[in-house]
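Here is what each chain is made of, one letter per residue.
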Amino acid sequence: MASVVAVSPRDGESSSTVASRWRRRAFGLVAVTALPVILGGCQLPTFYGYRGSTKQGHDESLLWSGTMIASIVVLALVGGLITWSIIRYRKKSDEIPRQFQYHIPIEITYIIVPVVMVLILFGFTVYTENQVDAVTPTPAVKVHVTAFQWGWKYQYPGKVTVTGVTTEDPDPIGLNGGQCAPAVDCLGPGLVVPAGQTTRITLDSQDVIHGFYVPAFNFSRYAQPGVTNVFDLTVEHAGIYRAQCTQLCGLYHSLMFFHVVALPPNQFRAWLSSQQHLAQAASTVSSSNSTTKAAA
Amino acid sequence: MTVLADRPVAHEHEHEHEHHEGPTGLLKWLTSTDHKLIGMNYMVTSLVMFFLAGLMALALRAQLATPNSSLLSFQAYNALFTMHGSLMLYLFAGPFAFGGLANYILPLQIGAPDMAFPRLNALSYWLYLSGSITMLLGFLVAGGAAAYGWVAYAPLSLVQFAPGSAPDLWILGIALTGFSAIFTAVNLVTTTFYLRAPGMTMFRLPIFTWNMLVTAILILIAFPILTAAMVLLFADRHFGTHIYSTAGGGSPILYQNLFWFFGHPEVYILALPYFGIVTDVIPVFSKKPLFGYKGMVFATMAIAALSTGVWAHHMFTTGVVLLPFFSLLSLLIAVPTGIKFFNWIGTMWRGQLTFTTPMLFCIGFLFAFLMGGLTGVMLASPPIDFATHDTYFVVAHFHQVLFGTAVYAGFAGLYYWYPKFYGRMYREWMGKTHFWLLTIGFWVTFIPQYVLGLWGMPRRVASYPANLGWQTLNVVSTVGAFIIGISFVFLLANFWVSWRKPIPAGDNPWDAHTLEWFATSPPVHHNFEKLPPIRSERPVWDYHHPDDLTITHGGAGANGKGHDHLAGAATVADAGDKA
Amino acid sequence: MRVEALFLLGVAAFFGVVGLIYWFWAYEQGGFVMLVGTTLLGFLPGSYYLWWSRRMKPRPEDRTDAEMADGAGVIGSFPSSSIWPFVLGMGLFLMVLSMVFGLWLIAPGAALVVSSVIGVTVESRRGGTI
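Residue numbers restart at each chain and count upward from 1, following the sequence in its written direction. Throughout, the order in which chains and ligands are written sets their labels, letters from A for the former and numbers from 1 for the latter. For a predicted model such as this one, the threshold for reporting local features is a pLDDT of at least 70, and the threshold for listing and counting side-chain atom pairs is 80 or more; totals across whole chains, interfaces and linings nevertheless cover every residue. With hydrogens and water set aside, each side-chain value is computed from the structure's full complement of heavy atoms.

Where helices and strands are cited, they refer to DSSP runs of H or I of at least four residues and of E of at least two residues respectively, numbered from the N terminus. Per the secondary structure count, chain C includes 4 helices and 1 strand. For chain C, the succession of helices and strands along the chain, N to C, is α-α-β-α-α. Note on method: radius of gyration uses C-alpha positions; expected globular size equals 2.2 Å times residues raised to 0.38. For 130 residues, the compact-globule formula gives about 14 Å, and the C-alpha radius of gyration of chain C, at 23 Å, lies well above that figure. Once the C-alpha set of chain C is aligned to its principal axes, its extents read approximately 55 × 50 × 20 Å. Each residue's exposure class comes from its accessible area (1.4 Å probe, protein chains only) as a fraction of the maximum for that residue type: buried when under 20%, exposed when over 50%, partly exposed otherwise. By the burial criterion, 42% of the 130 residues in chain C qualify as buried. Relative to all contacts within chain C whose residues are 6 or more apart in sequence, the contacts with residues 24 or more apart total 56%. In the form shown here, chain C has an accessible surface area of approximately 6900 Å², with 73% of it arising from carbon and sulfur atoms. The positive count covers Lys and Arg only, the negative count covers Asp and Glu only, and His and the chain ends enter neither. By convention, the point assigned to a charge is CZ for Arg, NZ for Lys, CD for Glu and CG for Asp. The positive charge centre, built from 8 side chains, and the negative charge centre, built from 8, are 9 Å apart in chain C. Whether two residues are in contact is decided by their heavy atoms, any of which lying within 4.5 Å being enough. For every accessible area listed, the method is Shrake-Rupley and the probe measures 1.4 Å; residues are considered covered only by the protein chains on display.

This is how it looks when you write it as structure tokens:
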């Protein structure tokens, strides 16, 4: 229990695990090996982004860092050329400059170079998005997340349903007797998942479109009526990860917080079975009220 | 009175175009079909919308300066950002360009006496004005203005979630302005195809005209879809259909598909005209022809074509779109945009640059759009979009793009053509003060928003919790927004001073290139008393500088050797000087 | 005329190709229908222009060596002022507002629309005064 502390999501994980995973994967993929191999060995700067607390988020983070580095190079090049032109060619005399208009080799060069850059970025994009969107056939646990105005409903195996109405009950739904801290990371209902294992999320909405967004996971997905989205999250370390609805969903959009509680697998099992007992007891007492709270 | 316009022939002064003894005062304003007056109406109306939306933005930023702020209620905040976006996008940025500047400038640039359909043109303006009023009426009805964001995603815009008549007024306002845009586009295309002066071939059109033509095609592609989407939305709200609601088997995704099939071309409908302004202004103040004219034309076409195939990149996180297709097409837009950048740089290269206010605004545009464009390339990659979608990163991105185009380039155009509109100069020092304050405010406002977005601050939130460390950057951003607001005082003061104490500008104060600078300032009714021979895309320059024609053979060391037909232009122009 | 025709046919060609790729890759009907519509938007006027461009001499504005005098003469009829666009606009405005503020607004709106249609017809026939 004591191991569950809210980690600041921006703190990096140990670089060696990241690196070794990337190296392993790189061997299997011939087409897009360059970036993981080159980048696998070192921690790239994240440029204010999150390192990614899930396996999927890591992949995104590497793409982000690489893209950002390339963008800074382009920014420096183009911005430098503009600045140079402004400084060097400011008016010095009334002489009319040479009235040239075309230079075909240069023009062809600056068509081909961007095309190549864009195709490289596209290659890494496709590789990364396939990693991020991949779903394993054997998730450790399946959770059905339903968004509504204004709150979240989580359905775990064994008819355990946790509903948090963020506008009625904006207080943190703490973990194990309100030990969740810091409070600002614990707003809204907590989605409890096992750390180090894959959680299958099935996401939809009861009314309007909402956004399931966990900043530290580098991931968001719309919760929509009529569309059921399925994705995997593999949270790597136990902790509390603040999260929020990102898609405008009406009056109390700003208050539609939630958070993800990643527990070590044995604690998660214990928590889930206790909830299953509670749910069973509740359903025998009153079949109409099947809603329980995660809070003790 | 109908005027059978004759083609003005160069240097034949016996032509008189003083038939114009029409009504004056208010009646003139109501009845004029002159493209210049209609264009001016468009510009004034859209600037009013711009200032209203800007004031709303200041209110929004004031709210966000403190966490858990209660300056505005949630309802008021949601309504204000909805109307801020709607006014800026539907009622300012587009109409200012294709209704205002294009209406005024395009016929002048191609040597036409008016738009092809003057009465349709007037109708366009009245529909635009009606649509604007309809949308603003939302503030007056019970419940306050529409509060579902400028995209009006169903089901949030359906009657269960957005009751009241303000959403209806919003939808009808969009429909009216949509028709206005379609009519204007038809007019612009027809004018460009049929009313060009002799010798003004398609590949001699000024880039502003080219971009307006491409924009008009984009409008014809996109706006009917928007209007259809709005009609269906209205039917869902009132006539019991279930096109966008799951209740009756409808599909909310359909709304997003329809909306963004309009919405993404719309981004380029807002951007291309402003690229055109920049592309016209930079060569003038570099004293050089545009570098890579044809490349610029094809780049514009490529941007427009690709932009219509990328609508679903706004829907990456819906999980139901084909990611690689939309990602690749979106990324490819970077290529023609890059061509434009390098052509702008190539135009300045080895020029004689003078930094008047319009040129300064163009430089400001280059940097703003460079930043906005690069972040746009990032967002075209779905995994990065997953991490930043609907956060302030996206807000900062599209503000850098749209502020770069509609504000920087738009006001570059306003300062550039101001002497043409009124025959008098603005005050240069005030224009430069406007530019520097605007630039400081712009970067101070939007750079912190990138960081806030990467930290996870969602867009369209009326409040945020304390203790997240978001306040400092939000305060910085708010301060920047108010600096932007202050900068516009100098714009208004500039107009006021130049109105009270006019300084005559002359017909061609910039030694500019294109035909509008051959007309008087302001141009007479039906525009031209005479026209110079048109032998390149910059006939006025050729006329005034017959010894410095464009070198079309690009090889190094070529010594001012003009093209054959350009050499011909010199002799014609010489003859003209003697006349 | 030829450049204009090729410009519009280029629109058709691009969206035809993109539409086909989209259909066989995405299997999504909504976007495909819109892309087909866009293809037709370019194809219909573009092919008509191409048809004409082969049957007419290049206009002065299509020729690189045209003199101003080549285009001399009457270009067209341009009404210099007319009240009817305003009347039509206000009529449509009232009719649209009727959907929110009450159907009775249709009556004055329709009256303005009808009168502007008549007015503009008469104006054109008379040679156009207010």
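The discussion continues.
Let us look at the domain arrangement of chain C. Domain ranges listed in this record stem from an automatic or a database domain assignment. Domain annotation for chain C reports domain 1 (2–64) and domain 2 (84–126). Each of domain 1 of chain C and domain 2 of chain C has a C-alpha centre, and the two are 35 Å apart.

By the secondary structure assignment, T33 of chain B is in the loop between α1 (25–31) and α2 (35–64). Assessed through its relative accessible area of 0%, T33 of chain B is described here as buried. Residues contacting T33 of chain B, with those up to four places away along its chain left out, are I38, D114, P118, R119 and A122 of chain B together with P79, S80, S81 and S82 of chain C.

Turning our attention to the nonpolar core. Here, nonpolar core means buried Ala, Val, Leu, Ile, Met, Phe, Trp, Tyr and Cys residues that are tied together by side-chain atoms lying within 4.5 Å of each other. By size, the foremost hydrophobic cluster in this structure holds 289 residues, and its most contacted members are Y156, L191 and F212 of chain A together with Y90, W170 and F259 of chain B. The element that contributes the greatest number of residues to this core is helix α3 (residues 74–109) of chain B, accounting for 22 residues. There are two domains that each give this core at least three residues, and those are domain 1 (2–64) and domain 2 (84–126) of chain C. Not counting chain neighbours up to four residues away, the residues in contact with L191 of chain A comprise V143, V145, Y154, Y156, I201, F212, H259, V260 and V261 of chain A. The next biggest cluster of nonpolar side chains, apart from the first, holds 18 residues, and it includes W64 and V118 of chain A together with I384 and Y450 of chain B.

Bringing the pairing of strand β9 (residues 239–245) of chain A into the picture now. Residue and element names in this part refer to chain A. Most of β9 is tucked away, with 7 of its 7 residues classed as buried. The side-chain alternation of β9 yields two buried faces, one formed by G239, Y241, A243 and C245 and the other by I240, R242 and Q244. Strand direction decides the pairing type here: strand β6 (residues 210–214) and β9, joined by 2 bridges, are antiparallel. Paired with F212 across the two strands is C245, which belongs to β9. Note that β9 and strand β10 (residues 257–263) share 6 bridges and pair antiparallel. Bridge assignment links G239 to a residue of β10, and that residue is A262. Two strands pair if DSSP finds at least two bridges between them.

Before going further, it helps to examine helix α4 (residues 106–126) of chain C. Any helix carries an expected span of 1.5 Å times its number of residues minus one. Its 21 residues place the ends of α4 of chain C 30 Å apart at the C-alpha level, agreeing with the 30 Å of an ideal helix rising 1.5 Å per residue. Here the buried face of α4 of chain C lies against α4 (118–137) of chain B together with α3 (84–101) of chain C.

Turning our attention to a nonpolar patch on the surface. Together, I104, I108, I111, I112, V116 and I120 of chain A give the surface a local cluster of nonpolar side chains, amounting to about 520 Å² of exposed area. In this structure, I111 of chain A sits in helix α4 (residues 104–133). Patches draw on residues past 30% relative accessible area with no salt bridge. Two like charges within 9 Å are joined, as are two nonpolar side chains (Val, Leu, Ile, Met, Phe, Trp, Tyr) within 5 Å. Salt bridge, as applied in this entry: a Lys or Arg side-chain nitrogen positioned within 4 Å of an Asp or Glu carboxyl oxygen.

A few words on the sheet that holds strand β7 (residues 219–223) of chain A. Residues and elements named next belong to chain A. A sheet is described by the order of its strands in space; here 5 strands give the open sequence β4-β10-β9-β6-β7, paired in mixed fashion. Either end of the sheet is taken by a strand with one partner, and the two such strands are β4 (190–194) and β7. On average, each strand axis in the sheet is inclined to that of its neighbour by 25°, with strand direction left out of account. Here β4 runs beside β10; their pairing, made up of 5 bridges, is parallel. With axes taken as lines fitted to C-alpha atoms, and helix axes fitted only over the stretch in contact, angles between N-to-C directions fall between 0 and 180 degrees.

Reports often express the size of an interface as the amount of accessible area lost when the parts come together. Taken residue by residue, the interface counts 99 residues in chain B and 82 residues in chain A. At the boundary of chain B and chain A, one finds 0 salt bridges. Polar contact is the term for a pair of N or O atoms within 3.5 Å; when the atoms are in protein, one must be able to donate a hydrogen and the other to accept it, and sequence-neighboring residues count only if both atoms are side-chain atoms. Linking chain B with chain A are 24 residue pairs in polar contact (both at pLDDT 80 or more), by the criterion used here. With 9 residues, the top contributor of residues to the side of chain B that touches chain A is helix α10 (residues 334–348) of chain B.

All names here are of chain A. The strand order across the open sheet built from 5 strands is β3-β2-β1-β5-β8, with neighbouring strands paired in mixed fashion. Looking at which strands have only one partner, the edges of the open sheet turn out to be β3 (160–165) and β8 (229–234). Going from strand to strand, the sheet's axes swing by 20° on average, the running direction of each strand aside. Sheet topology places strand β1 (residues 141–148) next to strand β5 (residues 198–205); 7 bridges connect them, and they run parallel. Bridging across to β5, H144 finds its partner in T202.

Attention now goes to a positive patch on the surface. Together, R88, R90, K92 and R98 of chain A together with R350 of chain B make up a positively charged patch on the protein surface. Here K92 of chain A is to be found in the loop between α3 (55–88) and α4. K92 of chain A sits in the exposed class, given a relative accessible area of 60%.

Next up on the list: the interface of chain C and chain B. Listed as interface residues are 63 residues of chain C and, on the opposing side, 76 residues of chain B. Accessible surface is computed with a 1.4 Å probe, and the buried area is the amount of it that two parts give up when combined, taken over both parts together. Carbon and sulfur atoms supply 73% of the area that chain C and chain B bury against each other, a total of about 6000 Å² over both sides. Between the two partners, chain C and chain B, sit 4 salt bridges. Between E4 of chain C and R196 of chain B there is a salt bridge; the shortest N-O distance is 2.9 Å. Where chain C packs against chain B, one counts 13 residue pairs in polar contact (both at pLDDT 80 or more). Of all the secondary structure elements, the ones that give two or more residues to the side of chain C that touches chain B are α1 (2–26), α2 (29–53), β1 (74–79), α3 and α4 of chain C. Residues of the side of chain C that touches chain B, tallied by class, amount to 39 nonpolar, 15 polar and 9 charged. Asp, Glu, Lys and Arg are counted as charged, while Ala, Val, Leu, Ile, Met, Phe, Trp, Tyr, Cys and Pro are counted as nonpolar; the rest, among them Gly, fall into the polar class.

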